[in-house]
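Spelled out from the first residue to the last, the chains are:
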Amino acid sequence: MPTSSGKYLPLFYAFLIGMGLTSSVNATSPNRKDLSQKDLERVQAITKPTNDFSKAESYENKSAGAPTSKKTISSKSFSHSSANLSFKGERDFKLGNSLFKKIWVSSPSSTKASDGLGPLFNARSCQRCHLQDGRGHPPENNDDLATSMFLRLSVPARTEAEKQAIRTGTLLRIPEPTYGGQLQDQAVTGLPAEGKMLISYEEEVVTLNGGERVSLRKPSYRVDELAYGDMDPDVMLSPRVAPPMIGLGLLEEIHEQDLLSLADPEDRNNDGISGKASLVLNPESGQREIGRFGWKASNRTVHTQSVNAFAGDIGLSTPDIPAHWGDCTSNQPQCLSQPHGSQKNLGDGEAPQKVLDLVVFYSKNLAVPARRNVSAPDVLKGKELFYTSGCTSCHQPKFVTRRDAAQKELAFQLIWPYSDLLLHDMGEGLSDNRQVGNASGNEWRTAPLWGIGLTEKVNGHTYFLHDGRARNLLEAIIWHGGEAQTARDKVVTMSPEERKSLITFLESL
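Reading the values: the criteria
Residues numbered from 1 in each chain as written. Predicted model: local features only at pLDDT ≥ 70, side-chain atom pairs only at ≥ 80, totals over all residues. Heavy atoms only, no water. Disulfide = S-S within 2.5 Å. Buried < 20%, exposed > 50% of the residue type's maximum accessible area, 1.4 Å probe, protein only. Core = buried A, V, L, I, M, F, W, Y, C linked by side-chain atoms within 4.5 Å. Contact = heavy atoms within 4.5 Å. Helix = DSSP H or I, 4+ residues; strand = E, 2+ residues; numbered from the N terminus. pLDDT = per-residue confidence, 0-100.

Draft legend 1. Spatial organisation of the state of the cysteines. Taken as a whole and judged by the stated rule, the model has 1 disulfide. With its sulfur 1.6 Å from that of its partner, Cys 328 forms a disulfide with Cys 335. For Cys 328, a relative accessible area of 7% gives the class buried. The closest cysteine sulfur to the non-disulfide-bonded Cys 126 is located on Cys 129, 8.2 Å from its own sulfur. For Cys 126, a relative accessible area of 13% puts it in the buried group.

See below:
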């Protein structure tokens, strides 16, 4: 049990205060095998959402439990380490940070340990996509390189073998035959980039109660300057901005039974919410496990998210994905013939195991900043509106992480991510019409909301949703459809003062 001396959150005391909470939604499954019966009862009580909005809940300001960063709010607020790391942990975090920021170069070069970029790529470092470890954004104009946003590519499964691979989880999607799974808008010297993403917007005005008008911009995407021939006529394009990096290790340590207990794919309780788990194949066990990371929750762990980013975004091979040419395809022979940067004396792959492990450790331990103004009257009013409007049906407020987590600093922490990490139908307006694994085009993972109020401070913008189409939090809410339609409509009918309080609450997260 954590103690009150500083390193670990005193969960026991939070439990005592939380005993009075009641709710029909409980984030803790009775099937958790990592907890004793006594601990299970404690955790079940404290993870019930409150129905008392007269004051802040105990430890509500500690969004991530003991790892929460209490440092002064600044543009660096997403780049601090978990507050309870050991001396060795701090050292590994700093080493991982240096590798996360590392600028990779094409092969061959004099900087042998940095060889391996591309040959096709979207960015030369992890930091170039995850700016300040925060949220990416769409290009401001057609001359702006979209290094923090890219296009996923795929085609429908056509053969029986392809359809079977999708059904069994062996493949999550079928790459476009020439351009692969992702459009790379940059390339090493002497090789043409694949093409250029172009975006156009149509504006649609929505009138809210009280006369407030919100203009939504609906994006359309196309690719220009294709360097390797035409794309498949049935190609499906899906834009993605880089998501924030904070709290990833804690999300990984939410017990799978807690997530499954929130899933209701058949909507058997008839509440209109039918979240389901993304199921992703674990190649080591041969079993399908819950995906937690990415806009479609298509990665099981921070490790798999990292190796896929190394391969797809930077073009670096790892022990997990040993293809030195990244996302180059057999229809791009010039790309496949480029020199690579793998060197046996440094380990397998262009980003060998030691490099990969440090980047993963860094990614797992980027701290969530402490909440602000949790007791302010307008924040509490906005919180009540958030709960009573039904937003918590998907944006689950809190969990307690696994007691048996591999990294002790992430174990048994009361955290407030405001996400169930499940897939939900968000309606036709947000659909990318592209299946990924068992996620349909309409379905997206519930985005964690912790830290969302600091987006402008850290990244200098307020673009939200998977493609950054929303220019502020209110636009993001009004775009919600499908399972979120009822909650969205309640926001539309709120008074202007109520909507202001709701946004103030979100800005406090």
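Next comes the rest of the write-up.
Draft legend 2. The nonpolar core, seen in detail. With 105 residues, the main nonpolar core has Phe 310, Phe 386, Tyr 418, Trp 450 and Leu 506 as its most contacted residues. Excluding residues that lie within four positions of it along the chain, Leu 506 makes contacts with Phe 386, Leu 449, Ile 452, Gly 453, Leu 473 and Ile 477.

Draft legend 3. Structural view of unusual backbone geometry. With an omega of -10°, the peptide bond running from Ser 107 to Pro 108 counts as cis. Among the structural elements, Pro 108 can be located in the loop between helix H3 (87-100) and strand E1 (120-121). Here the bond from Gly 118 into Pro 119 is cis, since omega is 15°, no more than 30 degrees from zero. Residue placement: Pro 119 occurs in the loop between H3 and E1. You will see that Gln 132, though not glycine, has its phi angle at about 55°, which is positive. Looking at the secondary structure, you find Gln 132 in the loop between helix H4 (126-129) and strand E2 (149-154). Accessibility expressed as a relative area gives 23% for Gln 132, which makes it partly exposed. A positive phi angle, near 60°, is found at Glu 225, a position not held by glycine.

Draft legend 4. Inspection of the confidence of the model for the protein at higher detail. For the protein, the average pLDDT comes to 93, and 94% of its residues sit at 70 or higher. Scored below 50 in pLDDT, residues 1-24 shows 59 contacts in the model against residues more than four places distant or in partner chains.

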